There are 2 protein chains.
Amino acid sequence: MAKLPPLLQQLIDALRVLPGVGPKSAQRMALQLLERNRSGGARLGAALTAAMNGIGQCQQCRTFSEQALCAICSDPRRAEAETLCIVGSAADQLAIEQTGQFQGRYFVLMGYLSPLDGIGPEQLGLDLLAKQLASGSISEVILATNPTVEGEATAFYIAELCQQYQCTVTRLAQGLPVGGELEYIDGSTLAHALSGRKRF
Amino acid sequence: MAKLPPLLQQLIDALRVLPGVGPKSAQRMALQLLERNRSGGARLGAALTAAMNGIGQCQQCRTFSEQALCAICSDPRRAEAETLCIVGSAADQLAIEQTGQFQGRYFVLMGYLSPLDGIGPEQLGLDLLAKQLASGSISEVILATNPTVEGEATAFYIAELCQQYQCTVTRLAQGLPVGGELEYIDGSTLAHALSGRKRF
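Going by what an unreviewed UniProt entry lists, chain A is known as Recombination protein RecR and is assigned to Alishewanella agri BL06. Recorded under Function (unreviewed entry), the UniProt text for chain A is reproduced unchanged: "May play a role in DNA repair. It seems to be involved in an RecBC-independent recombinational process of DNA repair. It may act with RecF and RecO." You can read under Sequence similarities (unreviewed entry) in the UniProt record for chain A the words "Belongs to the RecR family."

What follows is the structure in structure tokens.
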């Protein structure tokens, strides 16, 4: 193996598109699949091809979906909900969905405003959001963007957009995480927790 | 996304065949490919399919190869070499090849003897190895198996096999790794280094 077989070299290079996979792990993954699990590797190849070609976005909430409307948007009980939760990514939507505490609808931005990277309101589908707000069916918008600079800026932009329509705008509470220890919480989180304190 | 789109769920499940990838990282990988790099994901799918179907084993040394003979076995300068290096896996072969210090031929076991897992001499292609030894073209066999229990046991078995043929059998030196600190080297390595000491 002075030179690797071309198909193996191509596989190692291709594996590096995965997040957190460098040249060494790509080589280990490729060799391990060839040595021990060719059928699993072939299944993964087929699943990737099917998913990359077959998964589009929901026309209403922009989350990943194989149909025009995703499972939530096409659920009649949830389609009537007057609460719209705005999240930055499908993973964030999944995290909220897994709490089991939210029964409303979602709008998935698939990113945050970042003018330097060419991501403006259009790329986040905010025209589609404005249309949904204009329909008057939404009474509360929950801004569930990340508590980061980009997330806050995007939330601020969407909050301004909402002012034109008659709906309440809320933001996820910031404060101490469950199980956290005061001693190790960063200063700005602690400041948020203090200013947002509640009557016991 | 109370329930994920089936193609996405299948992709997440399929990604778990990769070593070191659990449910959380599989989800992150799938979503990141869909969000940011669909063309890379499609390329990876095609590369996996091509590699799993197109890569076989060299008929002579058993390493991964697309042709009947691998690049090393079909290199006339190396085919004449009288030194045969026996390694446990293609990754080990690659590691030795990368030192640039070895110009002989290889034999790749693709595993170690492990009767409990049903891996015996046949599974490691030792009949093929015996045939090559019997041809009389090999004067030295280097046992470059892992310095583990399985590797040592397999090396011992192959050394016995070699006794029937007229060839020298050697084993990779064991001792201190370059850059290691005596203080932190384990006892058995240090014992090997002591017993294998050389005149300065």
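### Here's the deal with the overall build of chain A
When you go through chain A residue by residue, the secondary structure sums to 8 helices and 6 strands. Listing the helices and strands of chain A from first to last along the sequence gives α-α-α-β-β-α-β-α-β-α-β-α-β-α. Its C-alpha radius of gyration of 22 Å places chain A more than 25% over the 16 Å reference for a compact globule of 200 residues. Once the C-alpha set of chain A is aligned to its principal axes, its extents read approximately 65 × 50 × 35 Å. Taking the contacts inside chain A whose residues are at least 6 apart along the sequence as the reference set, 49% of them involve residues at least 24 apart. Counting every atom, chain A has about 11,100 Å² of accessible surface; 53% of that belongs to carbon and sulfur.

### A few points about the nonpolar core
Among soluble globular proteins, nonpolar side chains are generally buried collectively. Counting 76 residues, the largest nonpolar core has Leu11, Leu15 and Leu18 of chain A together with Leu11, Leu15 and Leu18 of chain B as the members making the most contacts within it. When sequence neighbours within four positions are dropped, the list of residues in contact with Leu11 of chain A reads Ala30 of chain A together with Leu44, Ala47, Leu48, Ala51 and Met52 of chain B.

### Regarding the sheet that holds strand 4 (residues 105-108) of chain B
Sheets are built from strands that pair by backbone hydrogen bonding, the pairs being arranged parallel or antiparallel. Residue and element names in this part refer to chain B. On the basis of which strands lie adjacent, the open sheet formed by 4 strands has the order 4-3-5-6 and parallel pairing. With partners counted over all chains shown, the strands left at the sheet margins are strand 4 and strand 6 (168-171), one partner each. Averaged over all pairs of adjacent strands, the angle between strand axes in this sheet comes to 25°, irrespective of strand direction. The pairing of strand 5 (residues 140-144) with strand 6 spans 4 bridges and is classified as parallel. Opposite Glu140, over in strand 6, you have Thr168 as the bridge partner. Here helix 6 (residues 126-134) sits on the sheet and contacts strand 3 (83-87), strand 4 and strand 5; the angle it forms with strand 4, its principal contact strand, is near 155°.

### Quick word on the pattern of salt bridges
According to the stated counting rule, one finds 6 salt bridges over all chains in the structure shown. A salt bridge links Arg77 of chain A to Asp75 of chain A, with the shortest nitrogen-to-oxygen separation between them at 3.6 Å. Here Arg78 of chain B ties to Glu97 of chain B by a salt bridge, and the two come within 2.7 Å at their closest N and O atoms. Note that Arg78 of chain B is positioned in helix 4 (residues 76-79) and Glu97 of chain B in helix 5 (residues 90-99), a separation of 19 residues in sequence. Here Arg78 of chain B falls in the buried class, since its relative accessible area comes to 7%.

### Structural notes on the packing of helix 3 (residues 38-54) of chain A against helix 1 (residues 6-15) of chain B
Between helix 3 of chain A and helix 1 of chain B, whose axes approach to 9 Å, the crossing angle comes to 150°. In terms of axis orientation, helix 3 of chain A runs roughly antiparallel to helix 1 of chain B. Here helix 3 of chain A and helix 1 of chain B pass one another in a crossing that is left-handed. Contact residues: Arg43, Leu44, Ala47, Leu48, Ala50, Ala51, Met52 and Gly54 of chain A in helix 3 of chain A; Leu7, Gln10, Leu11, Ala14 and Leu15 of chain B in helix 1 of chain B. Looking at the contact of helix 3 of chain A with helix 1 of chain B, its residues break down into 10 nonpolar, 2 polar and 1 charged.

### A look at the relation of the copies chain B and chain A
Between chain B and chain A, the superposition needs a rotation of 180° and an axial shift of 0.0 Å, giving an RMSD of 0.1 Å. The operation mapping one copy onto its partner corresponds to a two-fold rotation axis. The position closest to the rotation axis in chain B is occupied by the C-alpha of Gly45 of chain B, lying 2.0 Å away.

### Digging into helix 2 (residues 23-36) of chain B
Compared with the 20 Å implied by 1.5 Å per residue over 14 residues, the 20 Å span of helix 2 of chain B between its first and last C-alpha is a close match. Within helix 2 of chain B, the full set of buried residues consists of Ala26, Gln27, Met29, Ala30, Leu31, Leu33 and Leu34 of chain B.

### Quick look at the pairing of strand 3 (residues 83-87) of chain A
Residues and elements named next belong to chain A. A large share of strand 3 lies buried, amounting to 4 of its 5 residues. Relative to strand 5 (residues 140-144), strand 3 runs parallel, the two sharing 5 bridges. When the sheet's bridge partners are listed, Ile86 is paired in strand 5 with Leu143. In the sheet, strand 3 pairs with strand 4 (residues 105-108) via 4 bridges, with the strands oriented parallel. Paired with Val87 across the bridge in strand 4 is Val108.

### Re the UniProt feature "zinc finger region: C4-type" (unreviewed entry) in chain A
The UniProt entry lists residues 58-73 of chain A under the feature "zinc finger region: C4-type" (unreviewed entry), expressed in the numbering used here. Here residues 58-73 of chain A is 0% helix and 12% strand, with 8 Å between the C-alpha atoms at its ends.

### Concerning the domain arrangement of chain A
In terms of domains, chain A is made up of domain 1 (6-54) and domain 2 (57-171). The C-alpha centroid of domain 2 of chain A is placed 34 Å from the C-alpha centroid of domain 1 of chain A.

Cut-off values and rules
Within every chain, residues take consecutive numbers counted from 1 along the sequence as written. Lettering for chains starts from A, numbering for ligands starts from 1, and both go in the order in which the items are written. This being a predicted model, a pLDDT of at least 70 is required before a residue's local features are given, and a value of 80 or more before pairs of side-chain atoms are given or counted; all residues contribute to the totals for chains, interfaces and linings. Excluding hydrogens and water, the side-chain figures rest on all heavy atoms present in the structure. UniProt positions are given in the numbering used here, feature names are shortened, and annotations may be inferred rather than shown by experiment. In DSSP terms, a helix is any run of H or I states spanning at least four residues, a strand is any run of E spanning at least two, and both are numbered starting from the N terminus. Our radius of gyration looks at C-alpha atoms and nothing else; its globule reference is 2.2 Å times the residue count to the power 0.38. Any pair of residues with heavy atoms lying within 4.5 Å of one another is described as a contacting pair. The method behind every accessible area is Shrake-Rupley, applied with a 1.4 Å probe, and residues are considered shielded solely by the protein chains displayed. For this analysis, a nonpolar core means a set of buried residues of the types Ala, Val, Leu, Ile, Met, Phe, Trp, Tyr and Cys, connected via side-chain atoms within 4.5 Å. Think of it in three bands: residues with accessible area under 20% of the maximum for their type are buried, residues over 50% are exposed, and the middle band is partly exposed, with areas taken using a 1.4 Å probe on protein chains only. Being paired, for any two strands, means DSSP has found at least two bridges between them. Each axis is a line fitted through C-alpha atoms, and for a helix only the stretch in contact is used; angles between axes span 0 to 180 degrees, taken between their N-to-C directions. Salt bridge, as used here: a side-chain nitrogen of Lys or Arg that lies within 4 Å of a carboxyl oxygen of Asp or Glu. Here roughly perpendicular refers to angles of 65 to 115 degrees, roughly parallel to angles under 35, roughly antiparallel to angles over 145, and oblique to all remaining angles. Crossings are assigned a handedness: left-handed for a near helix turned anticlockwise from the far helix by less than a right angle, right-handed for a clockwise turn. Note on residue categories: nonpolar means Ala, Val, Leu, Ile, Met, Phe, Trp, Tyr, Cys or Pro, charged means Asp, Glu, Lys or Arg, and polar means any other residue, Gly included. For the least-squares superposition of copies, only C-alpha atoms count, and only for residues with pLDDT at least 70 in both. Multiplying 1.5 Å by the residue count of a helix minus one yields the expected span of that helix. Note that domain bounds follow an automatic or database assignment of domains.

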